[in-house]
Amino acid sequence: MKFIKNCLVFSFFFILLSEVIYSINLIDEVKIKKIPIYTINNIQYISLKSLLKIINADNWAKIEDRVFIFIGDTQIKFRIDDKILIFGGKTYELKNPPKIALEEVLIPLEEFSQMFLNYTPSTKNQLKEDLVLEKKKDKKFVILIDPGHGGHDSGAIGNYGLREKDVNLDVALRVERYLKKQLEKYTSVEIYLTRKEDVFISLEERVNIAKGLNADIFFSIHTNSSRFNRENADGFETFYPASKLELNILPKTTDGEGELKENNNLDPVLSQIIVNLNDTDIIDESRILAEIVQEKLAQRLITPDRGAKRGNFYVLRYTPMISVLTEIGFICNPVIELNLKDVEVRQAIGETLGEAIIEYLRRRKII
Ligand SMILES: [Zn+2]
């Protein structure tokens, strides 16, 4: 009885909360904020910029004639001069499509206002539960461990000659061994590596392996280096994607870390874009995993905790699944380099990364 009562209270609060967030009356907001209205053939429009300001969009993109807007869990997508609009997974047919005039994307005010008033969001947790249940039903949960660099791409090199690619691979193999042992009885979880030996694999190939395996987690292992502070740079950090883009044809890359420039000028293969409805969820889950990795490493290592951070790395941006890139220590720092040579240190780091993955699987009830 008590359980049911709590549920009712919870749903009541949720309704209140969702109304505060989502009942956006664009027409009222436009009046209050004195936003310019454009009238074309007796239809009122506001600019896309004004709309974004009113709805406080978390994230948005205009790619050629396509517009994608994210508000929390909800994705809105439409095309210029196209009547079809997708709002939170539902398809609507507009009477007046968005258009371009005076170098602005113009949004039909009345129709958009109706959509915001009618929309009831599903909760984040519900989405996550659905996601996990779907995985459980349909397929194995696949973890792909990605030792950075390899072959002619050594990655960073320490003063004593220790190469990043070797450290990454050795630690990755230890993570794999640890996970396979710990997850022995969970036959629904599978573990793969992008490379098991010293071979070169481009960043595109790594993304393609992840897609081909339909991986659920992409876990990249790197060793850090600082150009300006080689002697003293110290600590471990884990990156989660700043944004995700799923492309049919991946942009060509050079070797190395694949850190993309911050200016988010969109990729050249724009027309190939497939937008993943769960993008914001996947970034959020990646952040949670990155935080667990940092938390576990901080318990085990005495080097500084540099935190879980957003990063614009190629493999984080183009893998369509939960993804993190961890930098386990600065190989350019001679003291750390010697530590990273030590088998016991590598084993400890490998186990710790494995523990972090297991902790995430537990939290998500995958095991
Ligand atoms: Zn690296």
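Residues numbered from 1 in each chain as written. Predicted model: local features only at pLDDT ≥ 70, side-chain atom pairs only at ≥ 80, totals over all residues. Heavy atoms only, no water.

Moving on: the sheet that holds strand E13 (residues 236–241). Strand order in the open sheet formed by 6 strands is E11-E10-E12-E17-E13-E16, with mixed pairing between adjacent strands. Of all the strands in the sheet, just strand E11 (189–193) and strand E16 (305–311) have a single pairing partner and so form its edges. On average, each strand axis in the sheet is tilted by 20° relative to the strand beside it, whichever way the strands run. Bridge count between E13 and strand E17 (residues 322–330): 3 bridges; the pairing is antiparallel. Bridge pairing in E17 links threonine 238 to threonine 326. The sheet strands contacting helix H6 (residues 164–182) are strand E10 (141–147), E11, strand E12 (217–224) and E17, and the helix crosses E12 at an angle near 140°. (Pairing = 2+ DSSP bridges. Helix = DSSP H or I, 4+ residues; strand = E, 2+ residues; numbered from the N terminus. Axes fitted to C-alpha atoms, helices over the stretch in contact; angles between N-to-C directions. Contact = heavy atoms within 4.5 Å.)

Right, let's get into the environment of asparagine 339. By secondary structure assignment, the location of asparagine 339 is in helix H10 (residues 334–341). Judged by relative accessible area, asparagine 339 falls into the partly exposed class, the value being 35%. A sequence separation of 10 residues divides asparagine 339 from glycine 329, and the C-alpha atoms of the two residues are 9.4 Å apart. (Buried < 20%, exposed > 50% of the residue type's maximum accessible area, 1.4 Å probe, protein only.)

What follows concerns the environment of glycine 350. Relative to the helices and strands, glycine 350 resides in helix H11 (residues 343–363). Classification of glycine 350 by relative accessible area gives buried; the value is 0%. With 22 residues separating them in the primary sequence, glycine 350 and isoleucine 328 have C-alpha atoms 9.8 Å apart. In this view, glycine 350 contacts Val171, Arg174 and Val175; residues no more than four positions away in its chain are not counted.

In this section: the pattern of salt bridges. Counted by the stated rule, this structure contains 17 salt bridges. A salt bridge links glutamate 176 to lysine 196; its shortest N-O distance comes to 2.9 Å. Taken together, the positions of glutamate 176 in helix H6 and lysine 196 in the loop between E11 and helix H7 (203–213) put the pair 20 residues apart, joining distant regions of the chain. Residue classification places glutamate 176 among the buried positions, given a relative accessible area of 8%. Given the relative accessible area of 49%, lysine 196 is considered partly exposed. One salt bridge in this structure joins glutamate 285 and arginine 364, with 2.5 Å as the shortest N-O distance. Taken together, the positions of glutamate 285 in helix H8 (residues 279–300) and arginine 364 in the segment after H11 put the pair 79 residues apart, joining distant regions of the chain. (Salt bridge = Lys/Arg side-chain N within 4 Å of Asp/Glu carboxyl O.)

Residues Ile143, Ile145, Ile217, Phe219, Ile221, Leu353 and Leu361 are the most contacted members of the largest nonpolar core, which totals 43 residues. If one sorts the elements of this core by residue count, H8 sits on top with 8 residues. When residues no more than four places from it in sequence are discounted, the contact partners of isoleucine 217 are Phe141, Val142, Ile143, Leu144, Leu289, Met321, Ile322, Tyr360 and Leu361. Formed by 24 residues, the second largest nonpolar core is a distinct cluster that contains Ile55, Ile69, Ile71 and Phe87. (Core = buried A, V, L, I, M, F, W, Y, C linked by side-chain atoms within 4.5 Å.)

With that out of the way, let us pick up the packing of aromatic side chains. Under the criterion given, the structure shown has 4 aromatic pairs. Ring geometry for phenylalanine 239 versus phenylalanine 313: centroids 5.0 Å apart, planes at 65°, classification edge-to-face. Pair noted here: phenylalanine 239 is in strand E13 and phenylalanine 313 is in the loop between E16 and helix H9 (314–318), with a separation of 74 residues, a long-range link. For the pair shown, phenylalanine 239 and phenylalanine 313 are each scored as buried. (Phe/Tyr/Trp six-rings, centres within 6.5 Å; stacked < 30°, edge-to-face > 60°.)

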